[in-house]
Amino acid sequence: MLPVIALVGRPNVGKSTLFNRLTKSRDALVANYAGLTRDRKYGEAEIEGHKVILVDTGGISGDEEGIDEAMAQQSLQAIDEADVVLFLVDCRDGLTPADEMIADQLRTRSKPTLLVANKVDGVNPDIALAPFYELGIGELLPTTATHGRGVRALMERVVKDL
Ligand code: GDP
Ligand code: MG
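Residues numbered from 1 in each chain as written. Chains lettered and ligands numbered in written order. Predicted model: local features only at pLDDT ≥ 70, side-chain atom pairs only at ≥ 80, totals over all residues.

1. Description of the overall build of the protein chain
Thought 1: Check the secondary structure of the protein chain and you find six helices and seven strands.
Thought 2: The order of helices and strands in the protein chain, counted from the N terminus, is β-α-β-β-β-α-β-α-β-α-α-β-α.
Thought 3: In the protein chain, which comprises 162 residues, the share counted as buried stands at 36%.
Thought 4: Considering only contacts within the protein chain whose residues lie at least 6 apart along the sequence, 67% involve residues at least 24 apart. (Helix = DSSP H or I, 4+ residues; strand = E, 2+ residues; numbered from the N terminus. Buried ≥ 20, exposed ≤ 12 C-beta atoms within 10 Å, placed from the backbone. Contact = placed C-beta atoms within 7 Å.)

And the structure:
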């Protein structure tokens, strides 16, 4: 079984963008990995010479009322099956209640977690990152998933937790 790295975070923070950047073969052969659920998107990736399975959460469907619940449920399951969790937040939007909800879930688990402050392009990091430190969740690493900025540094940090 390869190590599993889960991307969690509220919708639109850049999880799928990061997933697509990191995975070579999409739709990893989930059948080969007992214990993985099929309702999330898996991909194989090689990071810093380590083969891993990447999990993209999201694709939440359902009505507006149920969306937080569905997101919470899905991220919780992904957290449980992961070896390392990448918790993505959006520097442009700042800290939101949905981020806090996911942070609360992470606190009930003891998974190695890195806080990925995505969309750091076009913001002043000194100001934009400050609220996220208050979450007290893991180490904070700024990225621009669309252009790859910070992604190498993030991966170098991730492999230390494998
Ligand atoms: P997800 O819902 O968390 O999977 O988010 P997506 O990966 O679908 O990204 C949502 C939107 O944010 C898309 O339009 C992306 O192109 C954009 N996006 C993702 N990463 C970045 C980033 O680092 N900077 C900027 N400016 N936009 C980004
Ligand atoms: Mg997505």
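2. A closer look at unusual backbone geometry
Thought 1: With a phi close to 80 degrees, asparagine 12 is a non-glycine residue in the positive phi region.
Thought 2: A residue is classified by how many C-beta atoms lie within 10 Å of it, and asparagine 12, with 12 of them, is exposed.
Thought 3: For glutamate 48, which is not a glycine, the phi torsion comes out positive at approximately 50 degrees.
Thought 4: Mapped onto the secondary structure, glutamate 48 falls in the loop between strand S3 (41-47) and strand S4 (50-56).
Thought 5: Its 13 C-beta neighbours within 10 Å are what place glutamate 48 among the partly exposed residues.

3. Points about the environment of leucine 162
Thought 1: With respect to the helices, strands and loops of the structure, leucine 162 is situated in the segment after helix H6 (151-158).
Thought 2: Sequence spacing of leucine 162 and phenylalanine 19 is 143 residues, and the spatial spacing of their C-alpha atoms is 18 Å.
Thought 3: Excluding its chain neighbours within four sequence positions, the residues that come into contact with leucine 162 are Pro3, His50, Asp83 and Val84.

4. Re the nonpolar core
Thought 1: In terms of nonpolar packing, the biggest core is built from 38 residues, with Ile5, Ala6, Val55 and Phe87 touching the most fellow members.
Thought 2: Of all the secondary-structure elements, those providing two or more residues to this core are strand S1 (4-8), helix H1 (15-22), S4, helix H2 (64-81), strand S5 (84-90), helix H3 (97-107), strand S6 (113-118) and H6.
Thought 3: Setting aside residues no more than four positions away along its own chain, isoleucine 5 makes contact with Val52, Leu54, Val55, Ala82, Asp83, Val84, Leu86 and Val158. (Core = buried A, V, L, I, M, F, W, Y, C linked by C-beta atoms within 7 Å.)

5. What to know about the pairing of S1
Thought 1: Counting buried residues along S1, five of its five residues qualify, which places the element largely inside the surrounding structure.
Thought 2: The two faces of S1 match: Val4, Ala6 and Val8 on one face and Ile5 and Leu7 on the other face are all buried.
Thought 3: Of the pairings in the sheet, the one linking S1 to S4 comprises four bridges and is parallel in character. In the strand pairing of S4, valine 4 is matched with isoleucine 53. (Pairing = 2+ DSSP bridges.)

6. As for the site of ligand 1
Thought 1: Neighbouring ligand 1 are 15 residues, the closest being Gly14, Lys15, Ser16, Thr17 and Ala145.
Thought 2: Ranked by residue count, the leading element in the shell around ligand 1 is H1, at three residues.
Thought 3: Of the residues assigned to the shell around ligand 1, the class counts are three nonpolar, nine polar and three charged. (Near = placed C-beta within 6 Å. Nonpolar A, V, L, I, M, F, W, Y, C, P; charged D, E, K, R; others polar.)

7. Examining H1
Thought 1: The set of residues buried in H1 consists of Lys15, Thr17, Leu18, Phe19 and Leu22.
Thought 2: On its buried face, H1 is in contact with S1, S3, S4 and S5.

8. Comments concerning the environment of threonine 143
Thought 1: Along the chain, the position of threonine 143 falls in the loop between strand S7 (139-142) and H6.
Thought 2: Sequence-wise, threonine 143 and aspartate 90 are 53 residues apart; in three dimensions their C-alpha atoms are separated by 9.7 Å.
Thought 3: Once residues within four sequence positions are removed from consideration, threonine 143 is found in contact with Val116, Ala117, Asn118, Val120, Arg149, Gly150, Val151 and Leu154.

9. Thoughts on the confidence of the model for the protein chain
Thought 1: Looking at the protein chain, pLDDT values average 86 and 83% of them are 70 or higher.
Thought 2: Low pLDDT, under 50, characterises residues 60-64; the predicted model gives this stretch seven contacts beyond four residues in sequence or across chains.
Thought 3: Taken together, the chains of this predicted complex give a pTM of 0.90 and an interface ipTM of 0.99. (pLDDT = per-residue confidence, 0-100.)

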